[in-house]
Amino acid sequence: FPSHDIGLGDTISRNTFTPLTGRFSDFNSRYYTVYALSADVVDRWLACGSNQGGQFGLGIPEGSFYSMIPLTGRWSRIEPCNLGTFALSSGTVDKWFFSGNANYGNAGFENLYNNVTLNLSSFTPLSGNFSNVVCGDLHTFALSSNTNIWFCAGKNTLGELGLGYNSSALTPGVSTFTPVLSGS
């Protein structure tokens, strides 16, 4: 595993816990990327590790960062997926943005594989307002704020989206089942 994804400023692998520089109130991670919520600045997320899909929203779809760097914008929540990041805007209720590789349409944008044609190396708003977004590696579910209906998009070769068929959904479809969330 690459060791640049822990934000210590080097590429040395560690087998013991090492203190991070800074104060953080929350963490989230996926694959070779770590996100940390600053405890000192409201809604300021930082990230380190691989930016291979442009998931940091910096305008470049590549590179690795060995130290924590601030993400552009103010986000109240981060939901990482495979080579992408969903971010809930702290300035607008239920408005989600996406940056990164929209594999198989998993971000609800009509795209089979390559995000470069969509220029998603910067945070792009999703169409519609959603109170919750959850994602797997290549698919995403979003709960509509207005209708309480779950929409889904992404890879669906085994019928994992619950749409009643088994081909990828490149634009959001209405799922035929209701996911059970913890605490519900």
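Only a predicted model underlies this, so the values are computations on that prediction, with no experimental measurement involved.

1. Quick look at the side chain of Thr 85
So, step 1. The topology assignment puts Thr 85 in strand 6 (residues 84–89).
So, step 2. The residues contacting Thr 85, other than those within four sequence positions of it, are Tyr 35, Gln 55, Ile 78, Glu 79, Pro 80, Phe 97, Phe 98, Ser 99 and Phe 123.

2. Some thoughts on the pattern of salt bridges
So, step 1. Under the counting rule described, the total for this entry stands at three salt bridges.
So, step 2. Here Asp 40 makes a salt bridge to Arg 23, at a shortest N to O gap of 2.7 Å. Remark: Arg 23 occurs in the segment before strand 1 (24–30) and Asp 40 occurs in the loop between strand 2 (33–38) and strand 3 (45–50); sequence separation between them is 17 residues.
So, step 3. Owing to a relative accessible area of 52%, Asp 40 belongs among the exposed residues under this scheme.
So, step 4. Here Glu 79 ties to Arg 77 by a salt bridge, and the two come within 3.2 Å at their closest N and O atoms.

3. Looking at the sheet that holds strand 1
So, step 1. If you walk across this open sheet you meet the four strands as 1-2-3-4, and the pairing is antiparallel. The open sheet has two free edges, formed respectively by strand 1 and strand 4 (64–70), since each of these has just one partner strand. The sheet shows a mean angle of 15 degrees between the axes of neighbouring strands, direction not considered.
So, step 2. Pairing geometry for strand 1 and strand 2, over six bridges, is antiparallel. The partner of Phe 27 across the bridge, within strand 2, is Ala 36.

4. Concerning the packing of aromatic side chains
So, step 1. Per the counting criterion, the structure on display carries eight aromatic pairs.
So, step 2. For the ring pair Trp 75 and Phe 123, a centre distance of 4.8 Å and an interplane angle of 50 degrees mean the geometry is tilted. One end of the pair, Trp 75, is in strand 5 (residues 75–81); the other, Phe 123, is in the loop between strand 7 (96–100) and strand 8 (124–125), and 48 residues separate them in sequence.
So, step 3. Judged by its relative accessible area of 6%, Trp 75 is buried.
So, step 4. Using a relative accessible area of 14% as the deciding quantity, one classes Phe 123 as buried.
So, step 5. Consider the rings of Phe 86 and Phe 98, whose centres lie 4.8 Å apart with planes at 55 degrees: the pair is tilted.

5. Description of unusual backbone geometry
So, step 1. Residue Asp 43 is not a glycine yet carries a positive backbone phi of 55 degrees.
So, step 2. Residue position: Asp 43 is located in the loop between strand 2 and strand 3.
So, step 3. Here Asp 94, not a glycine, exhibits a phi torsion of approximately 60 degrees, which is positive.
So, step 4. Along the chain, Asp 94 turns up in the loop between strand 6 and strand 7.

Reading guide: rules and limits
Residues numbered from 1 in each chain as written. Predicted model: local features only at pLDDT ≥ 70, side-chain atom pairs only at ≥ 80, totals over all residues. Heavy atoms only, no water. Helix = DSSP H or I, 4+ residues; strand = E, 2+ residues; numbered from the N terminus. Contact = heavy atoms within 4.5 Å. Salt bridge = Lys/Arg side-chain N within 4 Å of Asp/Glu carboxyl O. Buried < 20%, exposed > 50% of the residue type's maximum accessible area, 1.4 Å probe, protein only. Pairing = 2+ DSSP bridges. Axes fitted to C-alpha atoms, helices over the stretch in contact; angles between N-to-C directions. Phe/Tyr/Trp six-rings, centres within 6.5 Å; stacked < 30°, edge-to-face > 60°.

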